[in-house]
Amino acid sequence: MSSSLSERVAFVTGGASGIGAALATELVDRGAEVWIADRQIGRAHEVAQRLSGRGAAVHAIELDVRDAAAFERAVTDAMHESGRIDYLFNNAGIGVSGEIDSYTLADWDDVFDVNLRGVVHGIQAVYPIMIRQHSGHIVNTASMAGLTTTVGQASYTATKHAVVALSRSMRVEAERHGVRVSVLCPGVIRTPILIGGEYGRINAPGLTREEFLKSWERLHPMDADEFAKRVLKAVLRNNAMIIVPGWWKAWWYMERVSPALSLRLSRRLLRELRKMESPT
Ligand SMILES: NC(=O)c1ccc[n+]([C@@H]2O[C@H](COP(=O)([O-])OP(=O)(O)OC[C@H]3O[C@@H](n4cnc5c(N)ncnc54)[C@H](O)[C@@H]3O)[C@@H](O)[C@H]2O)c1
C-alpha cells in the first residue's frame with residue numbers, strides 16, 4: 001500500500017484528545033479524509049478546526065461509543081457524506097486505576113462499556129461496510145496492559161487482553177473479505193489518560209495526580225505525535241500487532257518466556273505502588 005492516503009476515509013473514535021488526535025493529525029497529513037468521533041464534541045471540533053485546510057475534509061462528530069445505536073448512526077452519517085470507510089481506529093478508552101478491593105461494580109462496568117463494548121460496537125457498525133467494499137482496515141487500540149501482567153488496573157487490563165484476543169481472531173477471519181485487522185499496543189504515551197482522562201479516574205486516595213504522573217514518568221512516556229507517526233507506518237505495513245515504543249516488546253517476550261518472572265516483577269511493582277500511596 002502507498003504511504004499516501006488521499007481518497008481514503010478514516011473514522012477515529014476518541015479523536016478529540018491524546019493518541020486519537022495525534023492519529024487524526026497524521027492521517028490528515030497523509031491526505032486522508034478524517035472523521036473525529038468523540039464524546040467531547042467541543043474538543044473534537046477544536047481538533048477538526050486545527051486540521052482543516054491541511055488537506056482533505058475533516059469532520060467532528062459527537063459519539064459515545066457505549067451506545068451501539070449511536071455508533072451505527074454516526075457511521076451512517078459518515079458513509080452518507082464520504083461514501084466509504086477505509087480505516088476504523090477503535091481508539092476511545094478510559095482507565096480506572098486502583099486495586100480490585102477498591103472497585104465498585106460501576107468501576108468495572110464503566111471500563112468494560114467503553115474499552116471493550118465500545119470496540120465491539122465499532123466492529124458491528126463498520127465491518128459489514130468493509131465486507132461490502134471488500135477492503136478496509138480496523139485498528140483496535142489495546143495496550144501493553146493487554147499483553148502483560150499489570151497491577152492496580154485490573155479492569156483496564158481485562159478489557160485490553162480481550163481486545164488483543166478479539167483482534168487476532170478477527171484478523172484471521174476477515175482475510176477472506178479483504179479486510180485487515182491490527183491491534184495497537186501502546187507502551188506509555190504522554191496523554192491525559194495517565195492522570196485519569198476526562199471520563200476515567202484514579203482510585204488511589206493517598207496519591208495526588210502529580211504524584212501519580214511522576215510514577216508514569218519513570219517509564220519514559222512517548223510524545224503522542226511521534227507515536228502516531230510510527231503507528232501509521234506500521235498500519236500501512238499491515239502489521240498484526242503494533243507495539244510502540246518498540247522497547248516494550250521486551251516485556252511482552254518476558255511475559256511469554258517466563259510468566260513466573262513476570263509475576264515476581266508485578267509483585268515488586270505493587271509493593272512500590274503501595275509504598276507510594278502510604279509511605280509510612
Ligand atoms: N496514553 C497511554 O499511555 C496509553 C497506553 C496504552 C493504551 N492507551 C489507549 O489509547 C487509547 C487512547 O487513549 P489516550 O491515551 O489518547 O487518552 P485520552 O484520555 O487522551 O483520550 C481518550 C479519548 O477517548 C474519548 N472517550 C472516552 N470515553 C468515550 C466514549 N464513551 N465515547 C467516545 N469517546 C470517548 C475521550 O473523550 C478522549 O478524547 C485508549 O484506548 C487507551 O486505553 C493509551
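In this report, the structure presented in the accompanying data block is examined. Predicted, not measured: the structure shown is a model, and the values here were computed from it.

Notes on the site of the ligand
Item 1. Around the ligand, 30 residues are found, and the nearest of them are Ser17, Ile19, Asp38, Tyr156 and Thr191.
Item 2. Within the backbone of Val65, one N or O atom sits 3.0 Å away from a nitrogen atom of the ligand.
Item 3. In the model, an oxygen atom of the ligand is placed 2.6 Å from a nitrogen or oxygen of the Tyr156 side chain.
Item 4. Contact with the protein chains removes 98% of the 830 Å² of surface that the ligand exposes when unbound.
Item 5. Of all the elements in the fold, those that place two or more residues in the shell around the ligand are α1 (18–29) and α5 (154–174).
Item 6. Class assignment for the residues of the shell around the ligand results in 15 nonpolar, 10 polar and five charged.

Digging into the packing of helix α8 (residues 249–257) against helix α9 (residues 259–277)
Item 1. One way to put it is that α8 packs onto α9 with a least axis distance of 5 Å and a crossing angle of 120°. Taken together, the axis directions place α8 and α9 in an arrangement best described as oblique. Residues Met254, Glu255, Arg256 and Val257 of α8 lie in contact with α9, whose contacting residues are Pro259, Leu261, Ser262 and Leu265.
Item 2. Looking at the contact of α8 with α9 residue by residue, the class counts come to five nonpolar, one polar and two charged.

Some details on the packing of aromatic side chains
Item 1. Applying the stated criterion to the full structure yields eight aromatic pairs.
Item 2. A ring pair is formed by Tyr87 and Phe89, whose centres lie 6.2 Å apart and whose planes are at 25°; its orientation type is stacked.
Item 3. Put simply, the rings of Tyr103, Trp108 and Phe112 pair up and form one aromatic cluster.
Item 4. Between the NZ or CZ atom of Arg39 and the centre of the ring of Tyr199, over which it lies, the distance is 3.7 Å.
Item 5. Here Arg256 stacks its cationic end above the ring of Trp252, 3.7 Å away from the centre of that ring.

Here we look at the pattern of salt bridges
Item 1. Counting across every chain of the model gives 14 salt bridges.
Item 2. Between Glu99 and Arg274 there is a salt bridge, with its nearest N and O atoms 2.8 Å apart. With Glu99 in the loop between β5 (96–97) and α4 (105–133) and Arg274 in helix α9, this pair connects stretches of sequence that are 175 residues apart.
Item 3. By relative accessible area, which is 23% here, Glu99 ends up partly exposed.
Item 4. Residue class for Arg274 comes out partly exposed when judged on its relative accessible area of 42%.
Item 5. For the salt bridge of Glu226 with Arg230, the shortest nitrogen-to-oxygen distance reads 2.8 Å. In this pair, Glu226 and Arg230 are both assigned in helix α7 (residues 224–236), four residues apart and thus about one turn of the helix distant.
Item 6. Exposure remark for Arg230: the relative accessible area of 39% places this residue in the partly exposed category.
Item 7. Overlapping salt bridges, with partners in common, bring together Arg8, Arg84 and Asp86 in one network.

Scoring rules and cut-offs
Residues numbered from 1 in each chain as written. Predicted model: local features only at pLDDT ≥ 70, side-chain atom pairs only at ≥ 80, totals over all residues. Heavy atoms only, no water. Near = heavy atom within 4 Å. Polar contact = N/O pair within 3.5 Å; in protein donor to acceptor, adjacent residues only side chain to side chain. Areas by Shrake-Rupley, 256 points an atom, 1.4 Å probe, with all protein chains shown as cover. Helix = DSSP H or I, 4+ residues; strand = E, 2+ residues; numbered from the N terminus. Nonpolar A, V, L, I, M, F, W, Y, C, P; charged D, E, K, R; others polar. Axes fitted to C-alpha atoms, helices over the stretch in contact; angles between N-to-C directions. Parallel < 35°, antiparallel > 145°, perpendicular 65-115°, else oblique. Contact = heavy atoms within 4.5 Å. Phe/Tyr/Trp six-rings, centres within 6.5 Å; stacked < 30°, edge-to-face > 60°. Lys NZ or Arg CZ within 6 Å of the ring centre and 35° of its normal. Salt bridge = Lys/Arg side-chain N within 4 Å of Asp/Glu carboxyl O. Buried < 20%, exposed > 50% of the residue type's maximum accessible area, 1.4 Å probe, protein only.

Coordinates in, geometry out; function isn't part of it.
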